[in-house]
Amino acid sequence: MAETGKIRTFIGSNSGKGHESFKNTLYDAENMNTVILLKGGAGNGKSTLMEKLARAAEMSKDTVERVYCPSDPGSLDAIVCRGKGFAVLDATPPHAFEAELHCLPEIYLSLSSYIDGGISSRREAVREISGELCRVRAQADRALRAAYEADSELCGEVLTYADTGVLSSIGAGLAGDLAGRAEEGEKGFRPMRRRFITAVAPDETVTFSETPFALLEGKSPETVAVRDRFGLSPFLLGAAADEAQRHGCEVWGFFDPLVPARLNGLVIPKTGLCILPEELVEKADRTVDTGECLSEQSMAQLGARPEVLLAVKKALLDEAEARLGECLDIHAGLEAEYREFTDFAGLDALALELAAEYIL
């Protein structure tokens, strides 16, 4: 795992609708010189190769974004070195990615040649492990879908009574004053950088709580904590993001891993503004409760239903994380099958070659 204080994110999530990805917002192609799309299987050395390149970039004083796998938060899915105009992505399923314009700037790199032909002797073992992995993964996905359905039912019921305009006004006000004082000069819409900093992961929920503050690059944060039990944060955060973008500010948006369409945090680096879920904030300058848009009468009409649905959702997420833990153990067995047939010395040499060509 990367050191505390580094920029760590996820661009994929184990969501209620299967694997979701924000890879299309990972980098701006026109600002990149080279993007390597790695192709390879389990235990093929993709994550290790990316970590070596990330460290080389940091040694050359570049800021690196490390993007981790939600199904294995100790393993990299991508690195982005914007100062060098260089990125590497794991482009194999379930996070398949293909070049839009081959060599402009994306290039393919297969690691299959670093696996010895002797792996053929393990064909049946690999097939059996892969089948077991698919079976347990399907169990995890069923629990995630059920949790998503409970969440959707909860939000649907709450929205019947919510005055979301109250939250939009608060959000626009939070961003407006700061963005107005920190104009970037060039106004106009700038696409949001979409990420997850929380993952429904093996055995537990994993959060990179330091990432929003690492994005500020030394600027003093103005931190707003959002207390949101019912999934209403997008009305607050969407208005804040729109206001910041109207002033030409770059916005990093953080989304709910179970419901990837739901914005639940954002950072505006130019202004230092961080609006984050309450559970990610140690010390807040201000706290906003999205429940402010629900009257006492509305809460009385909702009764105990929201608490019941929240409990159901939590139990299902716990089940999904347990099954993802089993998947990670099975995947470790799959990687072990390949390990003795992998040319690690060759991969080390490849890392040095790529670093020399694209980074140093």
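For clarity, every value in this text was computed on a predicted model and none was experimentally measured.

Remarks on the overall build of the protein chain
- Within the protein chain one finds eight helices and 16 strands.
- Here the C-alpha atoms of the protein chain give a radius of gyration of 22 Å, agreeing with the 21 Å that 2.2 N^0.38 yields for 360 residues.
- Structurally, the protein chain occupies a C-alpha span of about 70 × 50 × 35 Å along its principal axes.
- Of all 360 residues assigned to the protein chain, the portion counted as buried reaches 52%.
- Pairs at least 24 residues apart make up 80% of the contacts formed inside the protein chain by residues separated by at least 6 positions.
- Within the structure as shown, the protein chain displays about 16,500 Å² of accessible surface, and the carbon and sulfur contribution to it stands at 49%.

Comments concerning the environment of valine 35
- Here valine 35 shows up in strand 4 (residues 34-39).
- Excluding residues within four positions of it along the chain, valine 35 makes contact with Tyr27, Ala87, Leu89, Pro105, Glu106 and Ile107.

Focus on the pattern of salt bridges
- Applying the stated criterion to the full structure yields 27 salt bridges.
- In this structure, aspartate 28 engages arginine 193 in a salt bridge whose closest nitrogen and oxygen atoms are separated by 3.3 Å. Here the residue aspartate 28 occupies a position in the loop between strand 3 (18-21) and strand 4, and arginine 193 occupies one in strand 9 (residues 193-195), the gap between them amounting to 165 residues.
- Since its relative accessible area comes to 31%, aspartate 28 is described here as partly exposed.
- Notably, a salt bridge pairs lysine 39 with glutamate 98, separated by 2.9 Å at the nearest N-O pair. In this pair, lysine 39 sits in strand 4 while glutamate 98 sits in the loop between strand 7 (86-90) and strand 8 (106-110), placing the two residues 59 residues apart along the sequence.
- The class for lysine 39 is partly exposed, based on a relative accessible area of 22%.
- Taken together, the shared-partner salt bridges connect Lys6, Glu51, Arg55, Glu58 and Arg66 into one network.

Quick word on the packing of helix 1 (residues 46-59) against helix 8 (residues 344-358)
- Two numbers describe how helix 1 lies on helix 8: the axes approach to 10 Å, and their chain directions differ by 35 degrees. The chirality of how helix 1 crosses helix 8 is right-handed. Contacts from Leu49, Lys52, Leu53 and Ala56 of helix 1 reach helix 8 at Leu347, Asp348, Leu350, Ala351, Leu354 and Ala355.
- Per-class residue counts for the contact of helix 1 with helix 8 are eight nonpolar, no polar and two charged.

Observations concerning the nonpolar core
- Grouped together as the largest cluster of nonpolar side chains are 62 residues, with contacts concentrated most on Leu53, Ile79, Leu266 and Ile275.
- The element best represented in this core is helix 1, accounting for six residues.
- If sequence neighbours within four positions are ignored, leucine 53 has contacts with Ile79, Phe86, Val88, Ala351, Leu354, Ala355 and Ile359.

Description of the side chain of serine 13
- Take serine 13: it is sitting in strand 2 (residues 12-15).
- Among the polar contacts listed, one links the side chain of serine 13 to the backbone oxygen of proline 257, at a separation of 3.1 Å.
- Residues in contact with serine 13, not counting those within four places in the same chain, are Gly18, His19, Glu20, Pro70, Phe196, Pro257 and Pro260.

Examining the sheet that holds strand 5 (residues 64-69)
- With mixed pairing, six strands are arranged side by side in an open sheet as 1-5-6-7-4-8. Each having just a single partner strand, strand 1 (7-9) and strand 8 make up the two edges of the open sheet. For this sheet, the mean inter-axis angle between neighbouring strands, taken without regard to orientation, is 30 degrees.
- Relative to strand 5, strand 1 runs parallel, the two being bridged by three bridges. Considered in strand 5, the bridge of isoleucine 7 is made with glutamate 65.

What about unusual backbone geometry?
- In this model, leucine 104 is joined to proline 105 through a cis peptide bond whose omega is 10 degrees.
- Structurally, proline 105 can be placed in the loop between strand 7 and strand 8.
- A positive phi angle is found at lysine 61, which is not glycine, with a value near 75 degrees.
- Checked against the element boundaries, lysine 61 lands in the loop between helix 1 and strand 5.
- A positive phi is found at aspartate 203, a non-glycine position, where the angle reads about 75 degrees.
- Along the chain, aspartate 203 falls in the loop between strand 10 (198-201) and strand 11 (204-207).

Comments concerning helix 5 (residues 233-246)
- Taking 1.5 Å per residue as the helical rise, helix 5 with its 14 residues ought to reach 20 Å, and the 20 Å between its terminal C-alpha atoms agrees with that figure.
- Restricting attention to buried positions, one finds in helix 5 the residues Ser233, Leu236, Leu237, Ala239, Ala240, Ala241, Glu243, Ala244 and Gln245.
- Glycine 248, located one to two residues past helix 5, shows a positive phi value of around 80 degrees.

Describing the sheet that holds strand 13 (residues 252-255)
- Read across the open sheet, the six strands follow the order 9-13-14-15-12-16; overall the sheet is mixed. Among the strands making up the open sheet, the edge pair consists of strand 9 and strand 16 (286-289). Strand after strand, the sheet turns through a mean of 25 degrees between neighbouring axes, direction not considered.
- Examined bridge by bridge, strand 14 (residues 263-268) and strand 15 (residues 273-277) share three bridges and lie antiparallel to one another. Bridged to valine 267 within strand 15 is cysteine 274.
- Along the sheet face, helix 5 touches strand 12 (222-227), strand 14, strand 15 and strand 16 and points at about 25 degrees away from the line of strand 14.

Rules used in this analysis
- Residues numbered from 1 in each chain as written.
- Predicted model: local features only at pLDDT ≥ 70, side-chain atom pairs only at ≥ 80, totals over all residues.
- Heavy atoms only, no water.
- Helix = DSSP H or I, 4+ residues; strand = E, 2+ residues; numbered from the N terminus.
- Rg over C-alpha atoms; globule rule 2.2 N^0.38 Å.
- Buried < 20%, exposed > 50% of the residue type's maximum accessible area, 1.4 Å probe, protein only.
- Contact = heavy atoms within 4.5 Å.
- Areas by Shrake-Rupley, 256 points an atom, 1.4 Å probe, with all protein chains shown as cover.
- Salt bridge = Lys/Arg side-chain N within 4 Å of Asp/Glu carboxyl O.
- Axes fitted to C-alpha atoms, helices over the stretch in contact; angles between N-to-C directions.
- Left-handed = near helix turned anticlockwise from the far one by under 90°.
- Nonpolar A, V, L, I, M, F, W, Y, C, P; charged D, E, K, R; others polar.
- Core = buried A, V, L, I, M, F, W, Y, C linked by side-chain atoms within 4.5 Å.
- Polar contact = N/O pair within 3.5 Å; in protein donor to acceptor, adjacent residues only side chain to side chain.
- Pairing = 2+ DSSP bridges.
- Expected span 1.5 Å × (residues − 1).

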